[in-house]
Structure formats: structure tokens, C-alpha cells
Amino acid sequence: MDKKNNITGINRREAAMENFLKGYNCTQSVLLAFEDLLPMENRKEIICMASSFGGGMGRLREVCGSVSGMFLVAGLLYGYEGPETGQKKTELYTRIQELAHRFEEQNGSIVCRELLGLDVKREKPVPEARTDEYYKKRPCKELIGMAAGILEDFINGNQADA
């Protein structure tokens, strides 16, 4: 399919979930599933750019990393350059709000701690070990897959007035 990640035969939803199971964070997992579409050639930069958004932004448990991944891809595909204040910014923000709405409609929130059922706003910065138990108790893989599916539909033209 492409020169970068060869996701032929697998859809982006599945690719994103597989990325997570390989150890990438939520944001990285979504971004890498769309790597072939991104106007960036350096895989390391893509991975590093997304690295601080995992765990709801550095385990602050704010915006879900998979949602941040959708937003980063949308910004790279539809974003504006420079100090834009007009129509281009409005168009991008319309897209971002549509993506957030679609995710929230299916999950009730775009906030990591709410999606995980946590009552703690901030956790220690040390990530949990990726064990079988970790994957059993977290809906992250499914949320990542859902975000990638929403974004893929959006990119393929199933957009609402965006």
C-alpha cells in the first residue's frame, strides 16, 4: 500500500490496536496506523511527537491519547500554517470538534480518567507494566481501534459538513 508501514491487508483500526499491543502509547498507536498518509518522512519524529500524549497527556488522565492521535493526524492532514485566525482555522476546528463528537457519542467522554473509570486526576508519571492483566483491565486497545476507525471513516469522506 505504501512505502512506510505496509498495512496492506489490514485495516487501520486493527493496525492501531496492534501498535498498542507492541507497546506504543495510545497516541503513537493511532498516528502510526496513518503514517503512510502523513506529510512526514521521519518515523522517529512521528513517534517522538506523539510520545507525550499517552495516558491522557503524560498520565495526567486528561484528553484520551487515542483522541489526541486523531487530532494530530487531522492537524497534519488538514491543518494551517502560520498565525491563522480566519476560515482555515475554523475549518480545522470544525473537523476536530466533529471527531471529538463522534468519539464521545460512542464512549460518553473524551477524557482518559472518565473512560478508565478513575477517580484520580493525576497519577504518578511511571507507566504501568504491559502485562496480560494490564490489557484485561484497560479498554485502551478498543478505544484506540475505535478512534482509528472514526478517523479512517472521516478521512474517507464520511464527514459531516467539515
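As a reminder, the structure under discussion sits directly above these lines.
Right, let's walk through the structure included here.

### Brief notes about the packing of helix H2 (residues 26–33) against helix H3 (residues 43–51)
Alright, step 1. It is the contact of H2 with H3, at a shortest axis distance of 8 Å, that shows an interaxial angle of 145°. In the crossing of H2 with H3, the sense of the turn from one axis to the other is right-handed. Facing H2, whose interface residues are Thr27, Gln28, Leu31 and Leu32, H3 presents Arg43, Ile46, Ile47, Met49, Ala50 and Ser51.
Alright, step 2. The class makeup of the residues in the contact of H2 with H3 is six nonpolar, three polar and one charged.

### A short note on the packing of H2 against helix H9 (residues 140–155)
Alright, step 1. At a minimum axis separation of 10 Å, H2 and H9 run at an interaxial angle of 35°. Handedness of the H2/H9 crossing: right-handed. For the pair H2 and H9, the contacting residues are Cys26, Ser29 and Val30 in the first and Ile144, Ala147 and Leu151 in the second.

### Concerning the packing of aromatic side chains
Alright, step 1. Considering all chains together, one arrives at four aromatic pairs under this definition.
Alright, step 2. Look at Phe20 and Tyr135: their rings are 5.7 Å apart centre to centre, the planes differ by 85°, and that puts the pair in the edge-to-face class. Here the residue Phe20 occupies a position in helix H1 (residues 12–21), and Tyr135 occupies one in helix H8 (residues 132–137), the gap between them amounting to 115 residues.
Alright, step 3. Classification of Tyr135 as partly exposed rests on a relative accessible area of 23%.
Alright, step 4. Considering the side-chain rings of Tyr134 and Tyr135, the 5.4 Å spacing of their centres and the 85° angle between planes classify their relative orientation as edge-to-face.
Alright, step 5. On the accessibility criterion, Tyr134 (10% relative accessible area) is buried.
Alright, step 6. An aromatic cluster is defined as three or more aromatic residues linked by ring pairs; in this entry it consists of Phe20, Tyr134 and Tyr135.
Alright, step 7. Above the ring of Tyr78, the side-chain terminus of Arg95 is found at 4.2 Å from the ring centroid.
Alright, step 8. Against the face of Phe20 rests Arg130, its NZ or CZ located 4.1 Å from the ring centre.

Criteria and cut-off values
- Residues numbered from 1 in each chain as written.
- Predicted model: local features only at pLDDT ≥ 70, side-chain atom pairs only at ≥ 80, totals over all residues.
- Heavy atoms only, no water.
- Axes fitted to C-alpha atoms, helices over the stretch in contact; angles between N-to-C directions.
- Helix = DSSP H or I, 4+ residues; strand = E, 2+ residues; numbered from the N terminus.
- Left-handed = near helix turned anticlockwise from the far one by under 90°.
- Contact = heavy atoms within 4.5 Å.
- Nonpolar A, V, L, I, M, F, W, Y, C, P; charged D, E, K, R; others polar.
- Phe/Tyr/Trp six-rings, centres within 6.5 Å; stacked < 30°, edge-to-face > 60°.
- Buried < 20%, exposed > 50% of the residue type's maximum accessible area, 1.4 Å probe, protein only.
- Lys NZ or Arg CZ within 6 Å of the ring centre and 35° of its normal.

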